[in-house]
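Structural overview
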Amino acid sequence: MENLETELCFPQLLNTSCRRTKRQTHSETMFAYFLLSSISLLTICLNLLVIISISHFKKLQTPTCLFLLSLAVADLCVGFLMFFQLMLIEGCWLFGDFVCALYQYLSLIITNVSTGTVMFISYDRYVAICQPLQYSSKLTPKRVQFYIYLYWIFSTIFQSLKNMENLQNPGRHHACVGECLFSGDDISAIADLICTFLLPISVIVVLYMRVFVVVLSQAQAMRSHISITVKLQQSRVQTVRKSEMKAARALGGVVVVFLLCTIPGFCLLLSGKDILFNASHSAFVICLFYFNSCLNPLIYAFFYPWFRKSVKLIVSLKILQPDSCDANIL
């Protein structure tokens, strides 16, 4: 009887309580807690640095950085949502059915916004590299802010309509107390698949492939021009080649990492099965999806020189000085 009570999420509910996830050792459970807590804290800290940098320094309030700001806000929310995932390490949801439904609802909104913002970032890079003369007219700061607000509103409305029944009747699919079941009908799953995954990912891949081709063609053209007109500048040719190839590899890495972190989650959604948050394979897929939010600041911001400069000013508290917002951070 005592062993049974220790296995139950709610020992006082012998007939309706869910069982805890069985672990081999206590150290395995502690390691899982430590790993998820570290990822969550790192996600929050990195994205806070991005948010403070772009919000404080006026020179950083460019169209590209505004997209990064939107992405950082979404990823910051993911970092906080990961704390809810911690309790599910042992397979027990302790906050009730409504909070479970709310957690799922917010997760879907943030996922939608994050994927859409990455799509906007790809479009921003595409215009900047492939259509540089039209960049200032196509992507003004006010227009970018409008795009960002519009997509946040669209994501909220879309997920509200899709999850209205779950919010009104939370826990209707739960087999026991302490379970957090992520479920939906086939129509909502297809809608999520198209709007949150297939459409944005297709746009991202197509745009980055176009950017990749243009970068390589420009590098080849520059090498040919330099080699014909100035043969003595071979060292400069090598420098140009290395820098262009580095940029091309970085763009490819962005797409690959994003796809590796997001595709498993949407494949789970595509399976059409109810997703139990306390199932081991589902928990791994969800954590992998969340881990992308930790990588985003590193991929999109950390390799920018202005980010390193702004971090130094933030850590040294120099941003508290008068007129620090006007500093030439670029």
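So, here is what we can say about the structure in this document.

1. What to know about the nonpolar core
- The biggest cluster of nonpolar side chains holds 41 residues, and the ones touching the most others in it are Ile54, Ile204 and Trp306.
- Of all elements in the fold, only α2 (26–56), α3 (63–87), α4 (96–130), α6 (141–162), α8 (186–229), α9 (234–270) and α11 (305–315) reach the threshold of two or more residues within this core.
- By size, the runner-up hydrophobic cluster in this structure holds 25 residues, among which are Ile39, Ile109, Cys287 and Tyr290.

2. Describing the packing of α4 against α6
- One way to put it is that α4 packs onto α6 with a least axis distance of 9 Å and a crossing angle of 145°. Our pair here, α4 against α6, has a crossing hand that is right-handed. Across the interface between the two elements, Tyr105, Leu108, Ile109, Ile110, Asn112, Val113, Gly116, Met119 and Phe120 from α4 touch Tyr147, Tyr151, Trp152, Phe154, Ser155, Thr156, Phe158, Gln159, Ser160 and Lys162 from α6.
- Classifying every residue of the contact of α4 with α6 by side-chain character gives 12 nonpolar, 6 polar and 1 charged.

3. What to know about the packing of aromatic side chains
- Taken as a whole and judged by the stated rule, the model has 11 aromatic pairs.
- Both rings, one in Phe120 and one in Tyr147, keep their centres 6.1 Å apart while their planes meet at 5°; by these two values the pair is stacked. In this pair, Phe120 is assigned in helix α4 and Tyr147 in helix α6, connecting sequence segments 27 residues apart.
- With a relative accessible area of 18%, Phe120 lands in the buried category.

4. A short note on the state of the cysteines
- For the coordinates displayed, the defined rule picks out 1 disulfide.
- Here Cys18 engages in a disulfide with Cys176; their sulfurs sit 1.8 Å apart. With the S-S bond torsion at 100°, the cross-link from Cys18 to Cys176 turns out right-handed. Highlighted residues: Cys18 in the loop between α1 (2–7) and α2 and Cys176 in the loop between α7 (164–168) and β1 (181–182), separated in sequence by 158 residues.
- Judged by relative accessible area, Cys176 falls into the partly exposed class, the value being 22%.
- For the unlinked cysteine Cys45, the closest cysteine sulfur is that of Cys294, found at 9.7 Å.
- Judged by relative accessible area, Cys45 falls into the partly exposed class, the value being 46%.

5. Overview of a nonpolar patch on the surface
- Taken together, the side chains of Tyr149, Ile153, Ile157, Leu161 and Met164 define a hydrophobic patch exposed on the protein surface, amounting to about 540 Å² of accessible area.
- Structurally, Tyr149 can be placed in helix α6.
- Judged by relative accessible area, Tyr149 falls into the exposed class, the value being 55%.

Reading the values: the criteria
Residues numbered from 1 in each chain as written. Predicted model: local features only at pLDDT ≥ 70, side-chain atom pairs only at ≥ 80, totals over all residues. Heavy atoms only, no water. Core = buried A, V, L, I, M, F, W, Y, C linked by side-chain atoms within 4.5 Å. Buried < 20%, exposed > 50% of the residue type's maximum accessible area, 1.4 Å probe, protein only. Helix = DSSP H or I, 4+ residues; strand = E, 2+ residues; numbered from the N terminus. Axes fitted to C-alpha atoms, helices over the stretch in contact; angles between N-to-C directions. Left-handed = near helix turned anticlockwise from the far one by under 90°. Contact = heavy atoms within 4.5 Å. Nonpolar A, V, L, I, M, F, W, Y, C, P; charged D, E, K, R; others polar. Phe/Tyr/Trp six-rings, centres within 6.5 Å; stacked < 30°, edge-to-face > 60°. Disulfide = S-S within 2.5 Å. Patch = residues over 30% accessible without salt bridge, like charges linked within 9 Å, V, L, I, M, F, W, Y side chains within 5 Å. Areas by Shrake-Rupley, 256 points an atom, 1.4 Å probe, with all protein chains shown as cover. Salt bridge = Lys/Arg side-chain N within 4 Å of Asp/Glu carboxyl O.

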